[in-house]
Every structure is written in C-alpha cells, then in structure tokens.
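# Observations on chain architecture
In case you want the letters, here they are:
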Amino acid sequence: MNFQKKLAEVLAQHSNVHNNLSRKELIRHSVERKEALISANGALATWTPIESTGRSPKDTYIVRRPESEGNIDWDSPNNIPMSPETFDMIFEDALQLLRDKKVVYVTDRILGADPSYALPIKTVSDQALTALFTDNMFRPVIPEAENSIFAGRGFTLVVVPYEKLVRERYEGRLRRLPGGQPSNMAVAMDFDRYLGVIVGSAYGGSVKKLMFTVMNYLLPGEDILPLHCSANEGPGGDIALLLGLSGTGKTTLSADPRRHCWVMMSMAGVTMALLTLRPVVMPS
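Residues numbered from 1 in each chain as written. Predicted model: local features only at pLDDT ≥ 70, side-chain atom pairs only at ≥ 80, totals over all residues. Heavy atoms only, no water.

## Observations concerning the pattern of salt bridges
All chains considered together, the criterion is met by 21 salt bridges. Close ionic contact of D135 with R23 constitutes a salt bridge, the shortest N to O distance being 2.9 Å. Note that D135 is positioned in helix α4 (residues 128-137) and R23 in helix α2 (residues 23-32), a separation of 112 residues in sequence. What makes D135 buried here is its relative accessible area of 11%. Among the salt bridges present, the one from R176 reaches E171, with a minimum N-O distance of 2.2 Å. Salt bridges here are not isolated pairs; linked through shared partners, they connect R65, D88, D190, D192 and R193. (Salt bridge = Lys/Arg side-chain N within 4 Å of Asp/Glu carboxyl O. Helix = DSSP H or I, 4+ residues; strand = E, 2+ residues; numbered from the N terminus. Buried < 20%, exposed > 50% of the residue type's maximum accessible area, 1.4 Å probe, protein only.)

## Observations concerning the packing of aromatic side chains
Counted under the stated rule, the structure contains three aromatic pairs. Residues F87 and F91 carry aromatic rings whose centres are separated by 5.9 Å and whose planes lie at 35° to one another, so their mutual orientation is tilted. Separated by four residues within a single helix, F87 and F91 lie in helix α3 (residues 84-99), roughly one turn from each other. In this pair, the class of F87 matches that of F91, namely buried. Grouping aromatic residues by their ring pairs yields a cluster made of F3, F87 and F91. (Phe/Tyr/Trp six-rings, centres within 6.5 Å; stacked < 30°, edge-to-face > 60°.)

## Things to note about the layout of surface pockets
One number sums up the size of the second largest pocket: a volume of about 420 Å³. Together, 25 residues line the second largest pocket, and T46, L129, T130, F133 and G204 are the ones closest to its centre. Put simply, the parts of the chain that give the lining of the second largest pocket at least two residues each are α2, β3 (44-45), α4 and α5 (204-218). Ranked by residue count, the leading element in the lining of the second largest pocket is α4, at six residues. (1 Å grid on protein atoms, 1.4 Å probe; cavity = no way out; pocket = protein on both sides within 12 Å on 5 of 7 lines; lining within 4 Å. Points joined across faces, edges and corners; volume = space filled by probe spheres on them.)

## Some words on the pairing of strand β4 (residues 60-63)
With three bridges joining them, β4 and strand β10 (residues 186-190) adopt parallel strand pairing. Pairing of T60 across the sheet is with V187, part of β10. With two bridges connecting them, β4 and strand β5 (residues 81-82) associate as parallel partners. From the neighbouring strand, V63 faces β5, where its bridge partner is M82. (Pairing = 2+ DSSP bridges.)

## Looking at α2
Among the residues making up α2, those that are buried are L26, H29 and S30. Each buried residue of α2 lies within a common arc of 100° when the element is viewed along its axis, so the set occupies one face. α2 presents K24 and E32 as exposed residues on the side facing more than 90 degrees away from its buried surface. Structurally, α2 contributes buried residues whose contacts are with β1 (17-19), β6 (104-111) and α4. Of the residues one or two after α2, K34 is the one with positive phi, at around 60°. (Arc of directions from axis to C-beta. Contact = heavy atoms within 4.5 Å.)

## A short note on the nonpolar core
Among the nonpolar cores identified, the biggest contains 27 residues, and F87, I90, F91, L98 and V197 are the most heavily contacted of them. Mapped onto this core, the elements with two or more residues apiece are α1 (3-13), β4, α3, β6, β9 (155-160), β10 and β11 (195-199). In this view, V197 contacts F87, I90, F91, A94, L157, V158, A186, V187, A188 and L210; residues no more than four positions away in its chain are not counted. (Core = buried A, V, L, I, M, F, W, Y, C linked by side-chain atoms within 4.5 Å.)

## Comments concerning the side chain of R65
Tracing the sequence through the fold places R65 in the loop between β4 and β5. Residue R65 is classed as buried on the basis of its relative accessible area of 14%. Ignoring any residue separated from it by four or fewer positions in sequence, one finds R65 in contact with P84, D190, D192 and R193.

## Considerations on the side chain of T213
In this structure, T213 sits in helix α5. T213 sits in the buried class, given a relative accessible area of 8%. Of the polar contacts made by the side chain of T213, one reaches the backbone oxygen of K209; its length is 2.9 Å. (Polar contact = N/O pair within 3.5 Å; in protein donor to acceptor, adjacent residues only side chain to side chain.)

Printed below as a string of structure tokens:
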C-alpha cells in the first residue's frame, strides 16, 4: 500500500493545510491554539498528559519484514517487532484522524549536517507545536541536499499526539497493559517503506528518538558509524570523542575554551540524529 500517495491525497483534499510556516508563525499558532504559552521569561512553555512526560519504550515498534529482519538484533528488549498489517492499521487510523482535524501542519526538513548524507523528512501533524519542534530540531532543506545519497527516498512521519487508538481494535496486536487491556498508543517505524507514525504520545522526544533510530538503521548501511558522543578539536587538529549516557556531561566536557567544539554545534543534524546506537544493533 502506497501510504505516501494516500497521505498526499489527504493533504490535497483537506481545506486547511499549513505548509512550512515560519518559526514565528508556528509559535503564534501554538499559543493561539492553546498548545503552549509564553512564560514570564519569554520562553515557550507547554505541558503533556501523564503518559507523555517521557518515552514509552514498550510502545515503540519496528516493522519486521523477511527482507530486512536480518539487519536488526531482535534479541534486544528495545527492538520490539510489529507486523506490517498492524502498522498499516495504525497508519490508516492516523490518516483518518488527520482527515477529521480542522487544521494540519506540514514541515519539510532534513537530518544531517553533511548534505551528502542528509535524509529528507516530511512531518505531518495536527499540532502546531509538533511542527515547531521539527522546525527547531531538524535542519532546513538546502540545495546541496539534492545530491544526498538519500535524495529521492525521504522519510515520512505522521504524528497525532493527543489522539488514542481504539483499544479493542488492537487486541492481540499491541502490548497488554497491567490492567489487561491493550495499549492505545504507538510509536512505530517501517524502515523498508521509509514511514513512521505516532499516535497517542505527546512527548516531543518521540518524534526525535524515532528519527534517531531511523538514522541509526540507515547510516551503517552507507558505511557510517553512528556514535552517541560529543567531540572537540585541539589547536593541532587532534580530535577527542566523549562518549557516555545521556546527562553524564558530554556537552559540558566538550565545551573546553581551549578547544573547538564542532560536533555538538551540529546537534540538530547528523550528529544529533546519531545519538543512540541502542535501539538498532547491526550485525558485525
């Protein structure tokens, strides 16, 4: 099923689609729609439901297909397989939810500081704040990216963060909650069709981490090793890599006034998109 084509039809038939609004406009929309507010110090502040205050790893899935399943370590507890049929159901539901929304936001960005390896990413959501997040997190499209190895095979992500899946419809397909009922949220990606869908998670990091995982899957196939690190460069051109878990001080340590911190400056591009090796482990 060609979901890119179906999504294009949904957008063409919708009466109120905003394509690639400026950051200023996205902030205005977020505030006017009460998705966020301007705090006392001028920063944009928002809130999320209790289930969206962080990642939901048990609701994060990778579509398992015979042609690509050998690329993924399914023994890892973080790599949860999903059938293509279940993914299609979720994507269809997400498209229907978009059809019923009063407004839809589209952003076209790229992931990758090096335009030769930049991945085009189209994000479609009913939330201005989601569009603003992608505008801030990912890089603007530049002409040089037309020569990227990923040109012509961009990734499409549909996000309806505040909607929920109908539990009964996904009985036996999504994880069972402690109370016995199926989950009503999913963060799912299909590497083979360059598709992703998020339903029910209003945590902005779901968008970010999904795309990190996509890049972690794609880049090793292009002989590029993703690393979760910061780095800096000395006066003599010597490079230091600082690896560690999130929050352990990589950015702080790399900000040495005597050394040029060049990797962390590109966090919104390839460097940021390579921050997590754990979700997808490639065979040696």
